[in-house]
Amino acid sequence: MLTIGCHLSSSKGYLAMGKEAVKIDANTFQFFTRNPRGGNAKELNPSDVEAFLAYAREHGIQRILAHAPYTLNACSADEHLRDFARRTMEDDLNRLEYTPGNCYNFHPGSHVKQGVEAGITYIADMLNQILKPEQSTTVLLETMAGKGSEVGRCFEELREILDRVTLSSHMGVCLDTCHVWDGGYDIANHLDEVIHEFDQVIGLKHLKAIHLNDSLNPLGARKDRHARIGEGCIGKEALIRVVNHPALRHLPFYLETPNELDGYAAEIALMREHFLESNTI
Ligand code: FE
Ligand code: FE
Ligand code: ZN
């Protein structure tokens, strides 16, 4: 069974997202916890959450993925911006306990001239402040394209962060296919080798989710411009191999391609059509 969905707007609440997912034959989805540019989160509506949880059970929706605002920078040189990232993520984690047992993905941040080492230290420090032993949400570091001074372009940097987090069982990684490609990992021609490298450096057991995107730019471009499946440099066949790979096929896949709902529906149908129910390659 393929677990696949796409990024949905959270502006109308959880139940609306659940219904949208079902409409496009998705059985999971991703959403921003609040305006992607930051700012205040809408008041959580307990009856909407209740209705969603019942609807999700009924329709087999599972493993939803919350995404932190992408403007947060946990390793900013500015103490106020670091503090803002910490408070925002802490608040998100509190709210996510209303939909327990899911994942929360964030961009590690940009170190901007401080150096990777300083960036990694800030990120791990923040995680050690906000993770709680009793939480049910797993926090994911997203693999980044390496635009500017982004931390997390290479697997070693993510490993370094994970190593410094005390409550490491609450942590994992989300692999974005566009980002790793832009970061220089050739998943189109050497998927097995990239997965092997991920396993050696981070450990496949830490991989919890895949962002399934094509890339507008060539391998190693460090640009981070997503393309629709088959309309980019990675290509349709390569992304079908990602979804079917024995080490990945059990994971939830989230499309973040530039699409409206009908475009997402077509990409989900395409992946379902090419998903081999048993794969023993
Ligand atoms: Fe992201
Ligand atoms: Fe992503
Ligand atoms: Zn991206």
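Reading the values: the criteria
- Residues numbered from 1 in each chain as written.
- Chains lettered and ligands numbered in written order.
- Predicted model: local features only at pLDDT ≥ 70, side-chain atom pairs only at ≥ 80, totals over all residues.
- Heavy atoms only, no water.
- Donors = N, O, S within 2.8 Å, 3.2 Å for Na, K, Ca; no water.
- Helix = DSSP H or I, 4+ residues; strand = E, 2+ residues; numbered from the N terminus.
- Buried < 20%, exposed > 50% of the residue type's maximum accessible area, 1.4 Å probe, protein only.
- Expected span 1.5 Å × (residues − 1).
- Arc of directions from axis to C-beta.
- Contact = heavy atoms within 4.5 Å.
- Salt bridge = Lys/Arg side-chain N within 4 Å of Asp/Glu carboxyl O.
- Axes fitted to C-alpha atoms, helices over the stretch in contact; angles between N-to-C directions.
- Parallel < 35°, antiparallel > 145°, perpendicular 65-115°, else oblique.
- Left-handed = near helix turned anticlockwise from the far one by under 90°.
- Nonpolar A, V, L, I, M, F, W, Y, C, P; charged D, E, K, R; others polar.
- Tetrahedral: all angles 85-135°; square planar, octahedral: opposite > 155°, others 65-115°.
- Pairing = 2+ DSSP bridges.

Q: Mind showing me how you'd approach the coordination of the iron ion (ligand 1) here?
A: Under ideal tetrahedral coordination, the four donors around a metal are separated by 109.5 degrees; under ideal octahedral coordination, the six donors are separated by 90 or 180 degrees. Within the protein, H67 (NE2), H107 (NE2) and E142 (OE) serve as the donor atoms for the iron ion (ligand 1), at 2.1 to 2.3 Å. Expressed as a motif, the donor residue spacing for the iron ion (ligand 1) is H-x39-H-x34-E. A spacing of 3.3 Å is found between the iron ion (ligand 1) and the iron ion (ligand 2), which share E142 as a donor. Placement of the pair is H67 in strand β3 (residues 65-67) and H107 in the loop between β4 (103-106) and α4 (116-130), with a sequence separation of 40 residues. A single burial state applies to H67 and to H107, both of which are buried.

Q: It is not clear to me how α4 should be interpreted in this structure. Could you clarify?
A: In an α-helix, one turn spans 3.6 residues, which is why side chains three or four residues apart end up on the same side. Compared with an ideal rise of 1.5 Å per residue, which puts 15 residues at 21 Å, α4 spans 21 Å between its outermost C-alpha atoms and is within 8% of the ideal. Along α4, the residues classified as buried are G119, I120, I123, A124, M126, L127 and I130. All buried residues of α4 fall inside an arc of 155 degrees around its axis, so they share one side. Tucked inside the fold, the buried residues of α4 contact α3 (79-96), β4, β5 (138-142), α5 (155-164) and β6 (171-176).

Q: Looking at this structure, I do not really get the pattern of salt bridges. What am I missing?
A: Side-chain pairs of opposite charge can arise where the charged atoms are in close proximity. Scanning the entire structure with this criterion turns up eleven salt bridges. Taking the shortest distance from any N to any O, the salt bridge between R164 and E117 comes out at 2.9 Å. In this pair, R164 sits in helix α5 while E117 sits in helix α4, placing the two residues 47 residues apart along the sequence. For R164, a relative accessible area of 28% puts it in the partly exposed group. We classify E117 as partly exposed; its relative accessible area is 46%. Of the charged contacts in the structure, one is a salt bridge between K147 and E150, with a shortest N-O distance of 3.4 Å. Residue classification places K147 among the partly exposed positions, given a relative accessible area of 38%. One salt-bridge network, held together by shared partners, links D83, R86, R87 and E90.

Q: Which parts of the structure should I look at to understand the packing of helix α1 (residues 14-23) against helix α2 (residues 46-59)?
A: When two helices pack together, you describe them by how their axes are tilted relative to each other and by the distance separating the axes. Here α1 crosses α2 at 25 degrees, and the two axes come no closer than 7 Å. As summarised for this structure, α1 and α2 are arranged roughly parallel, according to the angle between their axes. The hand of the α1/α2 crossing is left-handed. Of the residues in α2, those touching α1 at Y14, L15, G18, K19 and V22 are D48, V49, A51, F52, Y55 and H59. In terms of residue class, the contact of α1 with α2 is built from seven nonpolar, two polar and two charged.

Q: Looking at this structure, I do not really get the coordination of the iron ion (ligand 2). What am I missing?
A: Protein coordination at the iron ion (ligand 2): the donors are E142 (OE), D176 (OD), H211 (ND1) and E256 (OE), at 2.0 to 2.2 Å from the metal. For the iron ion (ligand 2), the four donor atoms are set out with angles of 86 to 173 degrees between them, so the coordination reads as irregular. Each donor residue of the iron ion (ligand 2) belongs to the same chain, and together they define the spacing E-x33-D-x34-H-x44-E.

Q: Quick question: what am I supposed to make of the packing of α4 against α5 here?
A: Orientation of α4 relative to α5, taken along the N-to-C sense of each, is 40 degrees, at an axis distance of 9 Å. Considering their axes alone, α4 and α5 lie oblique with respect to each other. The element α4 and its partner α5 pack so that their crossing is right-handed. Residues V116, E117, I120, T121, I123, A124, L127 and N128 of α4 form the contact with α5, whose own contacting residues are E157, E160, I161 and R164. Here the contact of α4 with α5 is built from residues that sort into six nonpolar, two polar and four charged.

Q: Looking at this model, I keep getting lost on the pairing of strand β7 (residues 207-212). Mind explaining?
A: Where a strand is regular, its side chains alternate between the two sheet faces. Most of β7 is tucked away, with five of its six residues classed as buried. Note that β6 and β7 share four bridges and pair parallel. The residue bridging D176 from the neighbouring strand is H211, located in β7. As defined by bridge partners, β7 adjoins strand β10 (residues 252-255) across three bridges and the pair is classed as parallel.

Any functional reading would require information beyond the geometric quantities listed.
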